[in-house]
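Fold and geometry: a report
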Amino acid sequence: MAQDAKHTILKQYFGYDSFREGQERLIDTILSGRDVLGIMPTGAGKSICFQVPALLLPGLTLVISPLISLMKDQVESLTQSGIPTAFINSSLDTEAYEKTLEGLQQGLYKILYIAPERLRAEGFVHLIRGLTISMITVDEAHCVSQWGQDFRPSYLEIDRFVKGLNYRPILSAFTATATSQVRQDITALLALNDPEVLVTGFDRKNLYFEVRHPQKKMTALLDILDERRGKSGIIYCATRKNVEAVCEAICAEGYPAVPYHAGLPDAVRRRNQELFIFDERPIVVATNAFGMGIDKSNVSFVVHYNMPGDLESYYQEAGRAGRDGEAADCILLYSGQDVRTQQFLIERGSRDAEDPEADAVLKARDRKRLKTMTFYCTTNDCLRGYMLKYFGETAPVCCGHCGNCNTQFETLDITLEAQKILSCIKRTGQRFGIKVVADTLRGSKNQRILSLGFDKLSTYNIMAEVSEKRIREMISHLAMEGFIQITDDAYPVLHFGPRARAVLFDGERVEMRLPKERTPKAKTAAGKDRTSGDAAENPALFDRLRALRSRLAAAQQVPAYVIFSNAALADMSRRLPKNDNEFLEVSGVGKAKLERYGQDFLAEIAAWLQEQG
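Description of the structure in this document. These numbers were taken from a predicted model, which means no experiment stands behind them.

1. A word on the environment of Asp-139
- Tracing the sequence through the fold places Asp-139 in the loop between strand 5 (133–138) and helix 7 (157–163).
- Linking Asp-139 and Ala-176, residues 37 residues apart in sequence, is a C-alpha distance of 9.5 Å.
- Setting aside residues up to four positions removed in sequence, Asp-139 forms contacts with Ile-64, Pro-66, Leu-70, Tyr-155 and Phe-174.

2. A closer look at the pairing of strand 9 (residues 232–236)
- In terms of residue burial, strand 9 counts as a mostly covered element, since five of its five residues are buried.
- The alternating pattern of strand 9 places Ser-232, Ile-234 and Tyr-236 and Gly-233 and Ile-235 on opposite faces, both of which are buried.
- The pairing of strand 9 with strand 12 (residues 299–304) spans five bridges and is parallel. Bridging from a neighbouring strand, Tyr-236 pairs with His-304 of strand 12.
- Examined bridge by bridge, strand 9 and strand 11 (residues 283–286) share four bridges and lie parallel to one another. Opposite Gly-233, over in strand 11, you have Ile-283 as the bridge partner.

3. Re the environment of Asp-35
- Mapped onto the fold, Asp-35 is located in the loop between helix 2 (23–31) and strand 1 (36–39).
- Residue Asp-35 is classed as buried on the basis of its relative accessible area of 2%.
- For the pair Asp-35 and Thr-137, spaced 102 residues apart in sequence, the C-alpha to C-alpha distance is 9.8 Å.
- Ignoring anything within four residues of it in the chain, the contact list for Asp-35 reads Thr-29, Arg-168, Ile-170, Leu-171, Leu-192, Asn-193, Asp-194, Pro-195 and Glu-196.

Conventions we followed
Residues numbered from 1 in each chain as written. Predicted model: local features only at pLDDT ≥ 70, side-chain atom pairs only at ≥ 80, totals over all residues. Heavy atoms only, no water. Helix = DSSP H or I, 4+ residues; strand = E, 2+ residues; numbered from the N terminus. Contact = heavy atoms within 4.5 Å. Buried < 20%, exposed > 50% of the residue type's maximum accessible area, 1.4 Å probe, protein only. Pairing = 2+ DSSP bridges.

The following block contains the structure:
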């Protein structure tokens, strides 16, 4: 019976004929009464895993979510699908808050979204204890772990709250990124009871990953934007200052963008986010204060103007592209200054001010993560494979769909260069970082090299013809291959790695892949301009349906993608439905949306068909 019921719910409310990988297994586990932990990449459909059982379980499902914007998006989307849902957070005025509480007492809602801070409000907790809570879902569950990239102390309240209830409901926890350490923390700190742990895989095949090393980042960014005019995208910067400068520069070039960072007044941040969500300004330039939980499905590119501090953050931020399943680009603009900026942010920050010893441990961990992120930006191997290996998955040697795999390489023997670099590290006492070693090898006459007496070493000036950039690339490669170790100190130092002696004394050869020439820009992710309209079989009809969607969204003051995703419009353009039954076959069309929008969209399709004769 439950088997039929869950498929009926999926089709009736969400408009899908089948579940994605992992969804059905987690739903079945929840319906059996067991806790779950789902590690699923952004865009893999985590929400379905708790929303479907929420409709089948008696009583209320409580969803704990970290951001107001996420709640608003989710509630709007569920309401559009005919699911009685509400949220409680600081954005509600007194009247709206009281109305929601009244609805809860009357049993009007199946799902309630709240912020974790709400668990400290005695009045709210008292009300909840009087309701039938079938399930508590913790979204962005990695926030409970100090080892996660978005630790929030308020998430530690969840276990206390659950233990204070009259009975224990089912607990389900979900996140897009979690290393094994973070998974253990989630299970322990949320007190999950023998949970079903499912990792569906981190590979999102619709995303194209690329790292560029431009001499002028702004020129490179403008080239990227020029290729994607009319598209929605996110540009991430490491600092508020960069956000303001980049946003001002691209706006001056005619691109509709807004800034977003924690230094802006709350009202301005909310307004800018709404302008982005509603596609009035389809580009947002932001720090990492923006985005966790943003459910905007039509983001077709994410550009990192600066390298983030760790691969978890990068994967999560880049993953905000292509949530609708359409092809999307994730491009990182890298420079050595990015590393120095992140090092500064690590040393200046305090992860645990009350415990200096714990703070030191966490900073050391952050430095190690930064090193991993830097290797991602400098590797010539498959970028997708690099990330999948980091998250513990089997990775392809060549994915054929990233910037490195689409670059022609030549493999060079750098054994001699490796021996020179290792000899220099040895002769400088294994006490210095990349800059000093590179300057010594290149014969620099700067004051530090001379004062240390390194101009007297046999390795001084032996790589004068090699650029500092190329030496840095070689050192990164040697570190990734185990010939060199880079310490995790505040000021990283180069040491011999476990394979150093083999190349110095045992005749081991070292090879390195170096780019020959880049593939033309037009062949990035999809080999052509990648609008969904081009992907649709009838792009002119797609554009008309998109315009209709925009008019309906404006009338209701909701984001356009809440009505239908681009993927749903493309499916309409392909199927050309002529009646209600055919319209229900469109991916993403459920009964509620048929009743609400079917007549308008069927009329638009009929008019287009008539014009085509």
